[in-house]
Amino acid sequence: MLYLLLSDLHANLEAFEAVVRDAEARYPHLDAAACLGDVVGYGADPEAVVGRIQEIAQTVIRGNHDKAVALGENLEWFNSAARDATYWTLNQLSPTSVDYLRELPRGPRMLNGFQICHGSPLDEDEYLITPGDVEILAGRLDSGVIFFGHTHVQGGFRMLRGVVSVLPRPDESDSETVEVEEQAYYILNPGSVGQPRDQDPRAAYAVYDSANRLFHMHRVAYEVEVTQRKILDAGLPERLAFRLAHGR
Ligand SMILES: [Fe+2]
């Protein structure tokens, strides 16, 4: 089966639509889509993105920003821009959309032979950034293939007998494929659709081919200037617009 994997959309409608168009063109026979959380927060189109993710994805788990908006949780960990955007987002959303975000399940969730989570399989709010962050998961994982988000960095890690290596991601090209070997653990990040932080401003997503154990990562250019203008016009913190041009 072919799974479209989306994470960290952050209310960026232009990036989201560009990803859907690109994915449907590359993979006319996608079987299902899963979202690893952070549907909203930072961006200027929370209501539209909440509506669209329900059309696209059969499985959605919550991210820390979804939780902050709908439940008021974790705000003490947010910087001022993230906190301002959280309150702004709550004011933009319909009661139905707030209810939808509030009822999103916590990860991890097991799907067809793989697990999805927002931060780490052990803690939805934890960041997996370095090989050391992954080493401490050795012996504590319930699945050999895990997809995560939260860091907004596409790529991920391979772990064999406790030794962790960092996997390649698309650089100049727009795609990279990782073969998921059966004997190792793979902790994989499809990247952020709406606010990449890996020095590449293009929207990120991935497709997992479960039959052939292939993880395909892709990058898509979108109308960043349109998204930036919306953020500035909404009165959201300027930094949230500017960072989109640099992917950090
Ligand atoms: Fe996020």
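## Here's the deal with the sheet that holds strand 6 (residues 145-147)
Sheet strands line up and pair through hydrogen bonds in the backbone, either parallel or antiparallel.
Then, number 1: Read from one edge to the other, the open sheet built from 6 strands follows the order 4-5-6-10-7-8, with strand pairing classed as mixed. Each edge of the sheet is formed by a strand with only one pairing partner; in this case those strands are strand 4 (109-110) and strand 8 (163-166).
Then, number 2: Note: strand 5 (residues 115-116) against strand 6, 2 bridges, orientation parallel. Residue pairing for strand 6: isoleucine 116 is matched across the bridge by phenylalanine 147.

## Brief notes about the packing of aromatic side chains
Then, number 1: The tally for this structure, following the rule as stated, stands at 5 aromatic pairs.
Then, number 2: Ring geometry for tyrosine 3 and phenylalanine 114: centres 4.9 Å apart, planes at 80 degrees, overall edge-to-face. One end of the pair, tyrosine 3, is in strand 1 (residues 2-6); the other, phenylalanine 114, is in the loop between strand 4 and strand 5, with 111 residues separating them in the sequence. Each of the two residues, tyrosine 3 as well as phenylalanine 114, counts as buried.
Then, number 3: Between phenylalanine 147 and phenylalanine 215 the ring centres are 5.5 Å apart and the planes differ by 25 degrees, which places this aromatic pair in the stacked class. Here phenylalanine 147 is found in strand 6, whereas its partner phenylalanine 215 is found in strand 12 (residues 214-220), with 68 residues between them in sequence.
Then, number 4: On the basis of relative accessibility, which here comes to 0%, the residue phenylalanine 215 falls in the buried class.
Then, number 5: Ring-pair connections join several aromatic residues into one group, and the members of that group are Tyr3, Phe114, Phe147, Tyr208 and Phe215.

## Details of the coordination of the iron ion
Then, number 1: The coordination sphere of the iron ion, as far as protein atoms go, consists of Asp8 (OD), His10 (NE2), Asp38 (OD) and His152 (NE2), spread over 2.1 to 2.3 Å.
Then, number 2: Considering all 4 donor atoms around the iron ion, the spread of angles at the metal, 85 to 179 degrees, places the coordination shape in the irregular class.
Then, number 3: Sequence spacing of the donor residues for the iron ion, all on one chain, is D-x1-H-x27-D-x113-H. Of this pair, aspartate 38 sits in the loop between strand 2 (32-35) and helix 2 (46-56) while histidine 152 is found in the loop between strand 6 and strand 7 (155-160), placing the two residues 114 residues apart along the sequence.
Then, number 4: The exposure class of histidine 152 is buried, given its relative accessible area of 2%.

## A short note on the nonpolar core
Then, number 1: Residues Leu6, Phe16, Val39, Ile53, Leu101 and Tyr205 are the most contacted members of the largest nonpolar core, which totals 50 residues.
Then, number 2: Leucine 101 has contacts with Val39, Val40, Val50, Asp66, Val69, Ala70 and Leu93, leaving out every residue within four places of it along the chain.

## Remarks on empty space enclosed by the protein
Leftover empty space is mapped by rolling, across the atoms, a probe with the size of a water molecule.
Then, number 1: This structure, assessed with the given rule, holds 1 cavity of 30 Å³ or more.
Then, number 2: The volume enclosed by the largest cavity comes to roughly 50 Å³.
Then, number 3: Lining the largest cavity are His10, Asn12, Tyr42, Gly43, Gly194, Gln195, Thr227, Ile231, Leu240 and Leu244.
Then, number 4: Across the lining of the largest cavity, the residue classes break down as 4 nonpolar, 6 polar and no charged.

Conventions and cut-offs
- Residues numbered from 1 in each chain as written.
- Predicted model: local features only at pLDDT ≥ 70, side-chain atom pairs only at ≥ 80, totals over all residues.
- Heavy atoms only, no water.
- Pairing = 2+ DSSP bridges.
- Helix = DSSP H or I, 4+ residues; strand = E, 2+ residues; numbered from the N terminus.
- Phe/Tyr/Trp six-rings, centres within 6.5 Å; stacked < 30°, edge-to-face > 60°.
- Buried < 20%, exposed > 50% of the residue type's maximum accessible area, 1.4 Å probe, protein only.
- Donors = N, O, S within 2.8 Å, 3.2 Å for Na, K, Ca; no water.
- Tetrahedral: all angles 85-135°; square planar, octahedral: opposite > 155°, others 65-115°.
- Core = buried A, V, L, I, M, F, W, Y, C linked by side-chain atoms within 4.5 Å.
- Contact = heavy atoms within 4.5 Å.
- 1 Å grid on protein atoms, 1.4 Å probe; cavity = no way out; pocket = protein on both sides within 12 Å on 5 of 7 lines; lining within 4 Å.
- Points joined across faces, edges and corners; volume = space filled by probe spheres on them.
- Nonpolar A, V, L, I, M, F, W, Y, C, P; charged D, E, K, R; others polar.

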